[in-house]
Amino acid sequence: MTQNETMPKARVQVAHPYLCLMGLYLGGFTGMYSETALNIALPQLSATFGVEITLTQWLVVGYMLAIGVVLPFSSLLMKWFSARKITTFALSAFLIGSLISAFAPGFATCLAGRIIQGVGTGLVLPLMFAMVLEVFPPHKIGAAMGINALIIMFASAIGTTLAGIIVGAFSWRFVFLSFALILIVGLFFTLKFQVNPYELTKPHIDVVSVFTSVLGFGGIVLGMGLASLLGWVSVPTDVSLIVGVIALVIYVRRQLGLEVPIIDLRIFTYPGFLFGALCVTFNFGIILSALYILPQFYQNSMLLAVSVAGLVMLPGGIVNALVSMIAGRIYDAIGARIPALIGFALTAVAVALLTTATPDTPLVFVVCCHVMAMVGIPLAMSPCQTHALASLPPRYSTDGSTMLNTLQQVFGAVCTAFATFLLASGQSAFLAGGASDTSLAFAQGSHWGLTFSLALAVLAFLCATQLKKRAAAGEQAEAAPEGEASILAQLMKTDVFALKEGDTALDALRLFTEKGISGAPVLDEAGSLVGFVSDGDIIGSLSKQDPRVSFYAVVTDPDARNFSDKLELLTSLTVGEISTKQVVSVDLTARMDDVCAVLSQHHLKKVPVLADGKLVGVINRSDITNFAVSRYAQLEA
């Protein structure tokens with residue numbers, strides 16, 4: 001086994017994967033920055049256009065409506081058009097929409113620009129996540145997904161702060177111009193560095209699926225938005241919701257029956273993806289509902305100026321960024337379950353405390369609650385996203401990415417609309433009792449909306465309890481045919497040389513020397529696969545710099561020990577400390593075509609085989625080749 005075998009390469013190798021993704025990063029950042037930026041500017045927009053605040057919230061809901069309609073088609077579009085063309089179109093559409101809104105003479109024009117912006121975001125987000133799985137090697141995917149989460153979470157959290165400062169210094173129009181500036185830079189990186197990793201198969205487009213997708217996802221979001229504007233008992237609201245639900249049912253049934261669906265919904269048969277997706281979706285709902293209410297609470301209940309409201313949101317945004325930076329590496333080290341449980345618990349406590357805030361509550365208390373939530377939300381987000389996508393076989397990666405983003409945006413739009421409804425209902429209930437204090441009325445409305453966010457945090461925590469410690473790459477929910485399962489058991493080698501987590505680096509070197517190998521799996525006390533250590537990992541521990549760092553951090557050896565001193569440390573350094581944690585593996589019940597796909601797409605010569613999380617063997621590419629040749633010879637005879 002060579003060093004290249006122990007450290008599998010990316011499916012598509014590029015010299016600078018982060019530069020390759022930079023256009024998507026900037027587009028994704030702008031999309032999420034745009035999603036929360038207007039929350040703080042809604043009062044100013046309402047005054048400028050002379051419309052009610054409940055109508056201006058359509059600049060938020062309409063934007064997410066467009067995203068929700070476009071997102072389900074992104075996986076299909078990736079099979080028809082190159083990634084570079086899709087990204088260029090998306091960023092250009094977003095840029096044009098931003099300029100339309102910036103110079104809009106009236107509300108309708110501004111809303112039209114927002115919808116065009118939503119089209120761009122709807123194409124960028126799933127492509128950003130899907131491209132990570134193509135241009136990064138498996139052992140770096142967790143950290144790379146952490147960067148994605150950093151961009152999305154930080155943009156969402158910092159959006160209100162940046163917009164508040166811009167609106168306070170200039171006007172709301174400059175918020176849209178700030179979008180345009182970032183997008184111009186993103187277009188440069190896209191045209192200069194982005195690659196096209198997908199084969200353009202150009203499958204048949206099912207018109208019925210397209211029609212029912214638009215009606216289904218669009219109808220539900222539209223109905224929820226109308227409910228916050230017209231109430232639940234109104235003809236437009238009820239018709240939109242009924243049409244949306246019926247169309248969505250038809251859409252799902254249609255996808256399950258098509259040979260080439262727009263989104264392959266069989267991804268939900270994988271438990272790791274199902275529960276990971278639910279955690280991500282609920283988490284996103286918490287973000288949008290809470291961050292929709294909080295900046296307005298600062299302005300309308302605590303009576304802070306818009307620029308001050310933006311600034312007091314800043315500590316939470318900074319903490320969000322810091323946690324997002326490390327969340328991916330936490331997943332690489334310990335999996336998704338523990339950080340998700342801790343994250344959702346912190347979020348639930350923070351939101352519960354916010355439901356007690358009043359206009360007289362000390363500002364520092366509200367800020368601390370916001371900071372606590374901004375620790376919990378990103379701590380859960382990146383691990384759950386990575387867990388969900390890592391639970392799927394490679395052939396479902398684009399479907400999984402598209403569905404994750406679709407669920408987030410559609411559910412996010414629903415949550416924003418429902419939070420608006422609860423906010424207005426709470427205020428009306430308070431004033432109906434004869435009170436006249438509008439700041440107290442807004443506080444009660446905020447409590448109603450935040451109670452909804454709290455319910456989402458509890459649901460997310462319950463879903464997180466169903467996550468496994470770690471998702472095996474390409475975990476199989478569908479059992480392989482009996483013949484295929486017996487072939488895999490027959491072909492794999494069961495005499496695997498392995499190390500325990502507590503073995504020292506010196507023990508590993510002795511094993512490598514005695515057996516003539518360059519790496520070995522690492523098992524915990526229960527016999528479960530928890531990593532892989534190679535001679536390269538050990539040599540890396542002897543170098544001046546730690547090789548396991550990302551582009552944003554370099555950890556140097558603080559003691560500046562010489563080489564001889566470091567050799568002595570090999571007797572105390574355990575393989576658990578230096579091993580690669582994200583190991584590509586297949587399940588014993590995997591289909592042989594999926595086994596071949598894992599070997600091919602990850603450029604591996606062999607891959608570990610697991611049964612109930614335990615290492616039971618290794619399957620070699622050469623063994624499959626020999627089997628195929630012998631089977632062909634038998635058929636010819």
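The sections below set out a description of the structure shown in this document. Nothing here was measured: the structure is a model prediction, and the numbers come from that model.

Overview of the environment of Tyr18
For step 1, the next point in the chain: Of note, Tyr18 is situated in helix α2 (residues 17–20).
For step 2, the next point in the chain: A C-alpha to C-alpha distance of 8.8 Å links Tyr18 and Ala144, two positions 126 residues apart in sequence.

Structural notes on the packing of helix α14 (residues 271–300) against helix α20 (residues 438–464)
For step 1, the next point in the chain: Contact geometry of α14 with α20 gives a least axis separation of 9 Å together with a crossing angle of 165 degrees. Between α14 and α20, the crossing angle belongs to the class labelled roughly antiparallel. For the element pair α14 and α20, the recorded crossing hand is left-handed.
For step 2, the next point in the chain: Counted by class, the contact of α14 with α20 contains 18 nonpolar, 8 polar and no charged residues.

A look at the pairing of strand β6 (residues 614–620)
For step 1, the next point in the chain: When you tally the buried positions in β6, you get 5 out of 7 residues, the bulk of the element.
For step 2, the next point in the chain: Bridge analysis of strand β5 (residues 606–611) against β6 gives 6 bridges, and the strand direction is antiparallel. Its bridge partner lying in β6, Val609 is registered against Gly617.

Observations regarding the sheet that holds strand β1 (residues 499–500)
For step 1, the next point in the chain: Read across the sheet, 3 strands follow the order β1-β2-β3 without closing on themselves; strand pairing throughout is mixed. The open sheet is flanked by β1 and β3 (529–534), the only strands paired with a single partner.
For step 2, the next point in the chain: As paired strands, strand β2 (residues 519–523) and β3 are joined by 5 bridges and run antiparallel to one another. Counterpart to Gly519 in the pairing with β3 is Ser534.

Brief notes about the packing of aromatic side chains
For step 1, the next point in the chain: This model, assessed by the stated rule, comprises 14 aromatic pairs.
For step 2, the next point in the chain: For the pair Phe49 and Phe107, a centre-to-centre distance of 6.2 Å together with 70 degrees between the ring planes defines the contact as edge-to-face. With Phe49 in helix α4 (residues 42–49) and Phe107 in helix α9 (residues 107–135), this residue pair connects regions lying 58 residues apart in the sequence.
For step 3, the next point in the chain: Given the relative accessible area of 13%, Phe107 is considered buried.
For step 4, the next point in the chain: Where Phe418 meets Phe452, the ring centres are 4.9 Å apart and the plane angle is 70 degrees; that geometry is what we call edge-to-face. Taken as a pair, Phe418 in helix α19 (residues 397–432) and Phe452 in helix α20 lie far apart in primary sequence, 34 residues in all.

Quick look at the packing of helix α3 (residues 22–37) against helix α11 (residues 173–193)
For step 1, the next point in the chain: One can describe the packing of α3 onto α11 by two numbers: an axis separation of 7 Å at closest approach and a directional angle of 165 degrees. Here α11 runs roughly antiparallel to α3, going by the angle between their axes. Like other packed secondary-structure pairs, α3 and α11 cross with a definite hand, here left-handed. Contacts between α3 and α11 involve Met22, Gly23, Leu26, Gly27, Phe29, Thr30, Tyr33, Ser34 and Ala37 on the former and, on the latter, Val175, Ser178, Phe179, Ile182, Leu183, Val185, Gly186, Phe189 and Thr190.
For step 2, the next point in the chain: When the residues that make up the contact of α3 with α11 are grouped by side-chain class, the tally is 11 nonpolar, 7 polar and no charged.

Procedures and definitions
Residues numbered from 1 in each chain as written. Predicted model: local features only at pLDDT ≥ 70, side-chain atom pairs only at ≥ 80, totals over all residues. Heavy atoms only, no water. Helix = DSSP H or I, 4+ residues; strand = E, 2+ residues; numbered from the N terminus. Axes fitted to C-alpha atoms, helices over the stretch in contact; angles between N-to-C directions. Parallel < 35°, antiparallel > 145°, perpendicular 65-115°, else oblique. Left-handed = near helix turned anticlockwise from the far one by under 90°. Nonpolar A, V, L, I, M, F, W, Y, C, P; charged D, E, K, R; others polar. Buried < 20%, exposed > 50% of the residue type's maximum accessible area, 1.4 Å probe, protein only. Pairing = 2+ DSSP bridges. Phe/Tyr/Trp six-rings, centres within 6.5 Å; stacked < 30°, edge-to-face > 60°. Contact = heavy atoms within 4.5 Å.

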